[in-house]
Structures are given as structure tokens and as C-alpha cells.
Amino acid sequence: MATSSIFAKIELKDPERVRAFVDALCSDKPWPQPRPTVHAVHMTSDEWKDFFARGPYGKKVVR
């Protein structure tokens, strides 16, 4: 992606903010990344089979 399209809507007029932006952009330090929220459901293999069997392409599980 071209730099011009990434920064198309950025407007900095304060010299301190411009300096901080350029310093951050040129820094070798990794930028802070958001921590994703993950919802995990732990199921047994039988529960997984039942889960997929209820889907549109699943086969009925007979026990």
C-alpha cells in the first residue's frame, strides 16, 4: 500500500506532534499492538462431533 494512501487523512500542525510522529515512524522499536480478547470453548471429541453433526452438512450421530 502506498504511503500516500496510508497517511491521506493525517493532519499535524503542532511541531511537537509532528516530531513525535516522525520519531515513532522512524523508530526501530515495535509499535504497541492491541491485545485481542479470545473466547475459547473446550469440548471433548464427542462434543465436537455433535457440534459438527448439527451443521448444514453434518450427518446425524447415532449413539
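This text gives an overview of the structure that appears in the document. (Residues numbered from 1 in each chain as written. Predicted model: local features only at pLDDT ≥ 70, side-chain atom pairs only at ≥ 80, totals over all residues. Heavy atoms only, no water.)

### Side note on the overall build of the chain
Helix and strand counts for the chain stand at three helices and zero strands. Taken from the N to the C terminus, the helices and strands of the chain come in the order α-α-α. Residues counted as buried form 2% of the 63 residues belonging to the chain. Carbon and sulfur atoms form 60% of the exposed surface of the chain, whose accessible area is close to 6,700 Å². (Helix = DSSP H or I, 4+ residues; strand = E, 2+ residues; numbered from the N terminus. Buried < 20%, exposed > 50% of the residue type's maximum accessible area, 1.4 Å probe, protein only. Areas by Shrake-Rupley, 256 points an atom, 1.4 Å probe, with all protein chains shown as cover.)

### Details of the pattern of salt bridges
Scanning the model with the defined rule gives two salt bridges in all. When the shortest N-O distance is used, the salt bridge between glutamate 11 and lysine 13 registers 3.1 Å. Of the two residues examined, glutamate 11 and lysine 13, each falls in the exposed class. A salt bridge links arginine 19 to glutamate 16, with the shortest nitrogen-to-oxygen separation between them at 3.0 Å. Remark: glutamate 16 and arginine 19 occur in helix H2 (residues 15-26); sequence separation between them is three residues, near one turn of the helix. Note on arginine 19: relative accessible area 46%, which makes it partly exposed. (Salt bridge = Lys/Arg side-chain N within 4 Å of Asp/Glu carboxyl O.)

### With respect to the environment of leucine 25
Examined against the element boundaries, leucine 25 turns out to sit in helix H2. With near-sequence residues (within four places) excluded, leucine 25 lies in contact with Phe7 and Trp31. (Contact = heavy atoms within 4.5 Å.)

### Re the environment of leucine 12
Relative to the elements of secondary structure, leucine 12 occurs in the loop between helix H1 (3-6) and H2. The class for leucine 12 is partly exposed, based on a relative accessible area of 35%. Apart from the residues within four sequence positions on either side, leucine 12 is in contact with Arg17, Val18 and Phe21.

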